[in-house]
Amino acid sequence: MKQLNFLQLKMTAENLDVMFGERKNRKTVQKNLQKLGLDADSGFPQDLMYRELCQVTLRYIKICTIDKNYTSVIWGLGKKSDSRIAEKIRLDLIRIGEAIPGYLHMEQEFQILTRAIRDTRDRYLGGE
């Protein structure tokens, strides 16, 4: 279920600059953060949430790596190189972990998720 909320954050990240969308995006993001257990009322220890979100991020990386639609060139007529796939995944993760909180001024709410994404991304895809 957390993977679904993670993907909804990805979709929000791709539509951040939609006209008149900031309030709607903020509401959507807050709902997804709550479902991920990152709201102040969750009661979960931060280290537990960090480890869980590292696992969600790693699952996202692995799924994208093997997904034929994600890794194919236009109309599926070829496969992107591993470096181009890694760069595409890296960009997705930057959008989720850095663009959303920056654009919506929610850096505090995203603190654990941003750290989990950055650490997992750097570990499995290499640093920027």
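Before going into details, it helps to say that this report is about the structure given with it.

Reading the values: the criteria
Residues numbered from 1 in each chain as written. Predicted model: local features only at pLDDT ≥ 70, side-chain atom pairs only at ≥ 80, totals over all residues. Heavy atoms only, no water. Core = buried A, V, L, I, M, F, W, Y, C linked by side-chain atoms within 4.5 Å. Buried < 20%, exposed > 50% of the residue type's maximum accessible area, 1.4 Å probe, protein only. Helix = DSSP H or I, 4+ residues; strand = E, 2+ residues; numbered from the N terminus. Contact = heavy atoms within 4.5 Å. Phe/Tyr/Trp six-rings, centres within 6.5 Å; stacked < 30°, edge-to-face > 60°. Lys NZ or Arg CZ within 6 Å of the ring centre and 35° of its normal. Expected span 1.5 Å × (residues − 1). 1 Å grid on protein atoms, 1.4 Å probe; cavity = no way out; pocket = protein on both sides within 12 Å on 5 of 7 lines; lining within 4 Å. Points joined across faces, edges and corners; volume = space filled by probe spheres on them. Nonpolar A, V, L, I, M, F, W, Y, C, P; charged D, E, K, R; others polar.

## A look at the nonpolar core
Phase 1: Core analysis: the biggest nonpolar cluster contains 31 residues, and I89 and L113 have the highest contact counts within it.
Phase 2: Those elements giving two or more residues to this core turn out to be α1 (2-14), α2 (22-35), α3 (46-66), α5 (82-104) and α6 (111-125).
Phase 3: Residues contacting L113, with those up to four places away along its chain left out, are F6, L9, L33, L38 and L53.

## Looking at the packing of aromatic side chains
Phase 1: For the structure shown, the criterion picks out one aromatic pair.
Phase 2: The aromatic ring of Y70 is capped on one face by K88, whose charged end is 4.2 Å from the ring centroid.
Phase 3: When the ring centre of Y50 is taken as origin, the NZ or CZ atom of R115, which lies over that ring, is 4.1 Å away.

## Let's talk about unusual backbone geometry
Phase 1: One non-glycine residue, H105, lies in positive phi territory at about 55°.
Phase 2: Mapping H105 onto the fold places it in the loop between α5 and α6.
Phase 3: Judged by relative accessible area, H105 falls into the exposed class, the value being 57%.

## Observations regarding α3
Phase 1: The terminal C-alpha atoms of α3 lie 31 Å apart, and with 21 residues this matches the ideal 30 Å at 1.5 Å per residue to within 8%.
Phase 2: Of the residues making up α3, those classed as buried are M49, Y50, L53, C54, V56, T57, L58, Y60, I61 and C64.

## Things to note about the layout of surface pockets
Phase 1: For the largest pocket, the calculated volume is near 200 Å³.
Phase 2: L38, D39, A40, Q46 and I112 are, among the 14 residues lining the largest pocket, the residues nearest its centre.
Phase 3: When residues of the lining of the largest pocket are traced back to their parent elements, those giving at least two are α3 and α6.
Phase 4: Residue classes in the lining of the largest pocket are distributed as six nonpolar, six polar and two charged.

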